[in-house]
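Listed below, chain by chain, are the residues.
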Amino acid sequence: MERFVTETGPARPATQDWLDELRAEGVLTTAQWRVAGERLRASVPWRQTADRLLGVTGASLVLTGIVYFFAYNWRAMPPLAKFAVIDLAIVLAVVVALRRGLDDLIARLCALSAAVLVGVFLGVLGQVYQSGASAWLLFAAWAALITPWAVLVRFAPLWALWLGVADLALVLYMSDRWPALPHSAPFLVLGAWHAFALLVRERAAANDRAMAGETWLRQAILAVLLGALMVPALVFVAPERTVYVWDDLGFLAWVAACGLAWWWFLGRSPDLFSLCQVALSVCFVLLYTIGFHILPKSDFGMLFVFALIVVATFSGAAFVLRGAMRTMLARGGSVE
Amino acid sequence: MITRLALLDALEADGTIDAAGRQAAIDHDARAVYDGPWYLKALSVFGAWVAALFLLVWVMLLTGYKSYGFVIWGAILLAAVVLARPARRGLFVAQMALAACVCGQLMLAYGFCEMSRSLIQGAAATAVVAVALYAQYPDAGVRFLSPLLPFSLALAAVFDNRGAESALHFIAAVELGFVALAFTGPPRPALRPLGASAVLALAVLFGLIQHHAAQWPSLVLMAAALCWFCAALTPGRPLAAQLPAWVAIAALAALSTPGVLLGIGLVALGVVRGNRPFIACGCLFLVLFLSWFYYQLELTLAVKSWILIASGGALLVFRSVLLAARPGDTA
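About the thresholds
Residues numbered from 1 in each chain as written. Chains lettered and ligands numbered in written order. Predicted model: local features only at pLDDT ≥ 70, side-chain atom pairs only at ≥ 80, totals over all residues. Heavy atoms only, no water. pLDDT = per-residue confidence, 0-100. Helix = DSSP H or I, 4+ residues; strand = E, 2+ residues; numbered from the N terminus. Contact = heavy atoms within 4.5 Å. Buried area = accessible area lost by both parts, 1.4 Å probe. Salt bridge = Lys/Arg side-chain N within 4 Å of Asp/Glu carboxyl O. Polar contact = N/O pair within 3.5 Å; in protein donor to acceptor, adjacent residues only side chain to side chain. Buried < 20%, exposed > 50% of the residue type's maximum accessible area, 1.4 Å probe, protein only. Core = buried A, V, L, I, M, F, W, Y, C linked by side-chain atoms within 4.5 Å. Axes fitted to C-alpha atoms, helices over the stretch in contact; angles between N-to-C directions. Parallel < 35°, antiparallel > 145°, perpendicular 65-115°, else oblique. Left-handed = near helix turned anticlockwise from the far one by under 90°. Nonpolar A, V, L, I, M, F, W, Y, C, P; charged D, E, K, R; others polar. Lys, Arg positive; Asp, Glu negative; His and termini not counted. Phe/Tyr/Trp six-rings, centres within 6.5 Å; stacked < 30°, edge-to-face > 60°.

Would you mind going over the confidence of the model for chain A with me for this structure?
In low-pLDDT regions, the fine details of the predicted coordinates are not to be read closely. Residues and elements named next belong to chain A. Chain-level statistics for chain A give a pLDDT mean of 84 and a share of 93% at 70 or above. Of all helices and strands in chain A, the one with the weakest mean pLDDT is helix 9 (residues 209–213) (66), whereas helix 12 (residues 272–294) scores best (92). Ignoring residues within four places in sequence, the model shows residues 1–7, a span with pLDDT below 50, making 33 contacts including any to other chains.

Right, here's the structure in full:
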């Protein structure tokens, strides 16, 4: 296994695992290890952790309970009462959010709940006044209505909800309006949409420290982007049917997305987890291509060769990723 | 979270270590091998797993599905890996060795079970192989995956015998013992992969127990483990000071499931040890097991809704009491 020296060791977070290693190798005596462990535990933000866990769990349970309550009584309620209840819940959530200030976690969770309730309101509206409108319109309206909140609150889970709703609207629109399109086309459009979302997120993170800290949103957007573009790429490299121009375009888009993501997340905005996603995507497409072309035409001995190829591919990915990690650490970055 | 340097500075400032000790720790850190964060290791393990499956199919076709052939080939693969000790011979060889280990263990397990016609004997034999492999082959991936095979066979044996579901609690006790051994008491870095593997096994077990067996033995087990963990965190604290935490744990055990207690315990363990994957897994288990618990309650939707509102409200009140008791204290 390739080993190398970390250059930012002392700047990494102290953990009990690290203290255990120091004790096991005799750097600390048992008494020193014990005192160090107590100091480490004293530094733990227990109250903050308990506050978050209790707040999020409690609010989630209460909200779920309210949803259950209305689900149980739903049929018996007149339409006006249904709208009144949902509107009241939205107003209540918004008032609590505004009173607590939008930097507070509970306030942000209230804003998120209000955004979810907007979707419930639209769903009920469609149920009560059935107009035969397409489903994509509901999701498009939902995304449009919560856009100002998402911009105002700057809360990553709210943006994730917004993007998920917009994705649904886009996918439903395509299946409704363009049913004759080849299978790859919706994936290509979804990939392009997520590429745009990723660009916007990176731009926003450059100006907003709170958003910059929420790397999971970027990683989630990239996962959908690569996953969507991999579908036409796989059709292109291992064709079982007619290859359309969408598949060619999809393959090129996948190559471009991998290349650009690698360049961006290695040098401009270092993120090893995102690089890992790119590497996994490349490994998958590469192995699928090789497997598709050699396995069906060979005897069972080729299975052994393919196992070697699998190991070689993932070893190569790990080797390259460790090189990237070394570069990040050398520049003083963090990879934890 | 406090950095390593800040902790060393604090220890030097209060006289726990001297300047030489501080420098020794920094030097150790600079020399320390670092294989990367967990997801890089997960990528390697995933690749090895995929390769092992192809390897397994190849050997199965080669041996003509004969059980003794499986045992012989499995033993040869494992012996080759252990004797060659390829952990320091480059990434490709190390990953190939991991794939061969997984494949060899799967073959031995299948061969043992076929030859003895008994899942329990197969589980026992693979447990012995796993212990030997753990001792002889110091690779975190192998050490994480090896104990999962006898565990899976033991589960299969339990469900193969009708009415033996209570044995799940015994397996839970054993796995809990592994977690305690790896993450509490004197430092045992070599046992960490076993502990992580046992955490995964416990989540699977508690899921099965929630569905197939009486829950109280595992609830008692988990509550006792959490009480012991609380006491271990605050050594020397009088019993009276521990009592509120124990009462809270007992109340939680009376109202929830072993999986919920596992989630809470894992979050606490992750926070104490500075282990983020544990915190993430704990939160995930908490969400999954809580949702499942409320889903499984044999009550009407109306009663469920009141229970949910009451329990959520109780947590929020408890949070407010905590904040009011010591406002501004975040450490």
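Looking at this structure, how should I read the interface of chain B and chain A?
A common way to state how big an interface is: give the accessible area lost once the parts meet. Between chain B and chain A, the contact holds 87 residues from the first and 83 residues from the second. Taking both sides of the interface into account, the surface hidden between chain B and chain A amounts to around 8,100 Å²; carbon and sulfur atoms contribute 72%. Across the contact surface, chain B and chain A share five salt bridges. One salt bridge connects B:Arg273 with A:Asp17, and the closest N-O pair in it is separated by 2.6 Å. For the pair chain B and chain A, the interface holds ten residue pairs in polar contact (both at pLDDT 80 or more). Breaking the side of chain B that touches chain A down by element, the ones donating at least two residues are helix 1 (4–13), helix 2 (19–31), helix 3 (38–63), helix 5 (91–116), helix 13 (258–273), helix 14 (276–296) and helix 15 (301–325) of chain B.

What's the story with unusual backbone geometry in this structure? I'm lost.
Glycine aside, the phi torsion of most residues is negative, and most peptide linkages are trans. With phi around 55 degrees, A:Arg154 is a residue other than glycine that occupies positive phi space. With respect to the helices, strands and loops of the structure, A:Arg154 is situated in the loop between helix 6 (135–153) and helix 7 (156–177). Unusually for a residue other than glycine, B:Arg117 sits at a positive phi of about 55 degrees. On the accessibility criterion, B:Arg117 (67% relative accessible area) is exposed.

How do you make sense of the nonpolar core when you look at a structure like this?
Across soluble globular proteins, nonpolar side chains have a tendency to be buried as a group. Counting 107 residues, the largest nonpolar core has A:Leu222, A:Trp254, A:Leu272 and A:Leu321 as the members making the most contacts within it. Setting aside chain neighbours within four positions, we find A:Trp254 in contact with A:Leu226, A:Leu229, A:Met230, A:Ala233, A:Ser281, A:Val282 and A:Val285.

Help me out: how do you make sense of helix 1 (residues 16–24) of chain A in this one?
Given 3.6 residues per helical turn, the α-helix brings residues three or four places apart onto the same face. Turning to helix 1 of chain A, its buried residues number three or more, namely A:Gln16, A:Asp17, A:Trp18, A:Leu19, A:Asp20 and A:Leu22. The inward-facing, buried residues of helix 1 of chain A contact helix 2 (30–42) of chain A together with helix 1, helix 2, helix 10 (192–212) and helix 13 of chain B.

Help me out: how do you make sense of the pattern of salt bridges in this one?
Side chains that differ in charge, positive against negative, can pair when their charged atoms come close. Residue and element names in this part refer to chain A. Scanning all chains against the criterion turns up 14 salt bridges over all chains. Its salt-bridge partner being Arg108, residue Asp103 comes within 4.0 Å of it at the nearest N-O pair. Classification of Asp103 as exposed rests on a relative accessible area of 66%.

Hey, could you run me through the packing of helix 1 of chain B against helix 2 of chain B in this one?
Between two packed helices, both the angle of their axes relative to each other and the distance between the axes serve to describe the pair. All names here are of chain B. Contact geometry for helix 1 and helix 2: axes closest at 9 Å, N-to-C directions at 165 degrees. By the angle between their directions, the pair helix 1 and helix 2 is classed as roughly antiparallel. Relative to helix 2, helix 1 is oriented so that their crossing is right-handed. Touching Arg4, Leu5, Leu8, Asp9 and Glu12 of helix 1 are Ala19, Arg22, Ala25, Ile26 and Asp29, all from helix 2. Grouping the constituent residues of the contact of helix 1 with helix 2 by class yields five nonpolar, no polar and five charged.

Which parts of the structure should I look at to understand the side chain of B:Arg143?
Residues and elements named next belong to chain B. Along the chain, Arg143 falls in helix 7 (residues 140–145). For the buried Arg143, which has no salt bridge, the nearest side chain bearing the opposite charge is Asp139, at an N-O separation of 7.9 Å. A distance of 2.9 Å separates a polar atom in the side chain of Arg143 from the backbone oxygen of Tyr134. Sequence-distant contacts of Arg143, that is, excluding residues within four places in its chain, are made with Tyr134, Ala135, Tyr137, Pro138, Ala190, Pro193 and Leu194.

Would you take a moment to explain the packing of aromatic side chains for this structure?
Both the distance between ring centres and the angle between the ring planes are used here to describe each pair of aromatic rings. Throughout the structure, instances matching the rule amount to 23 aromatic pairs over all chains. Ring centres 4.5 Å apart and planes at 35 degrees place the aromatic pair A:Phe304 and B:Trp58 in the tilted group. Here A:Phe304, found in helix 13 (residues 301–330), pairs with B:Trp58, found in helix 3, and the two come from separate chains. What makes A:Phe304 partly exposed here is its relative accessible area of 29%.

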